[in-house]
Amino acid sequence: MSLADIPLTTLDGQSTSLADYADRAVLVVNVASKCGLTPQYSALEKLARDYADRGLTVLGVPCNQFMGQEPGTAEEIQNFCSSTYGVTFPLLAKTDVNGDDRHPLYAELAKTADADGTAGDVQWNFEKFLLAPGTVVANRFRPTTVPDAPEVIAAIEAVLPS
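Residues numbered from 1 in each chain as written. Predicted model: local features only at pLDDT ≥ 70, side-chain atom pairs only at ≥ 80, totals over all residues. Heavy atoms only, no water.

- Naming follows an unreviewed UniProt entry, where the protein appears as Glutathione peroxidase of Mycolicibacter sinensis.
- Check the Sequence similarities (unreviewed entry) section of the UniProt entry for the protein; it says "Belongs to the glutathione peroxidase family." (UniProt positions renumbered as here; feature names shortened; annotations may be inferred.)

## Let's talk about the pattern of salt bridges
Reasoning step 1: Within this structure, the stated rule accounts for 8 salt bridges.
Reasoning step 2: Here Glu108 makes a salt bridge to Lys111, at a shortest N to O gap of 3.0 Å.
Reasoning step 3: For Glu108, a relative accessible area of 30% corresponds to the partly exposed category.
Reasoning step 4: Given a relative accessible area of 58%, Lys111 falls into the exposed group.
Reasoning step 5: In this structure, Asp114 and Arg142 form a salt bridge, with 2.7 Å as the shortest nitrogen-oxygen distance. Of the two residues, Asp114 sits in the loop between helix 3 (104-109) and strand 5 (128-132) while Arg142 sits in the loop between strand 6 (136-141) and helix 4 (150-159), which places them 28 residues apart along the sequence.
Reasoning step 6: Each of Asp114, Glu127, Arg140 and Arg142 takes part in a single network of salt bridges with overlapping partners. (Salt bridge = Lys/Arg side-chain N within 4 Å of Asp/Glu carboxyl O. Buried < 20%, exposed > 50% of the residue type's maximum accessible area, 1.4 Å probe, protein only. Helix = DSSP H or I, 4+ residues; strand = E, 2+ residues; numbered from the N terminus.)

## Side note on the side chain of Thr135
Reasoning step 1: You can see Thr135 is positioned in the loop between strand 5 and strand 6.
Reasoning step 2: What makes Thr135 buried here is its relative accessible area of 11%.

## Re the sheet that holds strand 5
Reasoning step 1: Reading across from one edge, 4-3-5-6 is the order of the 4 strands in this open sheet, with mixed pairing throughout. Each end of this open sheet is capped by a strand with a single partner; those strands are strand 4 (56-62) and strand 6. For this sheet, the mean angle separating the axes of adjacent strands, direction not counted, is 20 degrees.
Reasoning step 2: Alignment of strand 5 against strand 6, held across 5 bridges, turns out to be antiparallel. Looking at the pairing, Phe129 lines up with Arg140 of strand 6. (Pairing = 2+ DSSP bridges. Axes fitted to C-alpha atoms, helices over the stretch in contact; angles between N-to-C directions.)

## A short note on the packing of aromatic side chains
The geometry of two aromatic rings is summed up by the distance between their centres and the angle between their planes.
Reasoning step 1: Taken as a whole and assessed by the stated rule, the structure comprises 7 aromatic pairs.
Reasoning step 2: Ring plane angle 25 degrees and centroid distance 6.4 Å describe the contact between Tyr41 and Phe89, whose orientation is recorded as stacked. Taken as a pair, Tyr41 in helix 1 (residues 40-51) and Phe89 in the loop between helix 2 (74-85) and helix 3 lie far apart in primary sequence, 48 residues in all. Each of the two residues, Tyr41 as well as Phe89, counts as buried.
Reasoning step 3: Measuring from centroid to centroid gives 5.9 Å for Phe80 and Tyr85, while their planes differ by 65 degrees, and the two rings are edge-to-face.
Reasoning step 4: A residue is classified by how much of its surface remains accessible, and Phe80, at 23% relative accessible area, is partly exposed.
Reasoning step 5: Feature note: the residues Tyr41, Phe80, Tyr85, Phe89 and Phe126 constitute an aromatic cluster, connected by ring pairs. (Phe/Tyr/Trp six-rings, centres within 6.5 Å; stacked < 30°, edge-to-face > 60°.)

Structure, rendered in structure tokens:
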């Protein structure tokens, strides 16, 4: 099964998949509301707005696997994201990114190595996977790499649809 075929659910319960974004670059990020890295939402939203017309979609994936830092309901998560950080990019339903209940999306994404050549489990909240159009994994950035870091911007620019 390709990444595009993996069934996903939006935060509001609608069915979707990466096939809906197949003609776009997609930055998939596992997010959390009560994490020291939560302020990355601001930079993610800026990327989403600045690059939307050029073919980038940021896709947030709430996850409560790291010290319970995303404990809220779907409504609480949506309210927090929109009221605190003005998030307008799509959010998926709360998802496990590691372990026995790891979502199939993350089972595939975790096979991708980072810049140091290390694949495997997601390390923490705000790990980023950049998909090129056609849902091809292009890059993996670890949680402390901020969304607007030069290497992230360069990677995004390199995979934007023409």
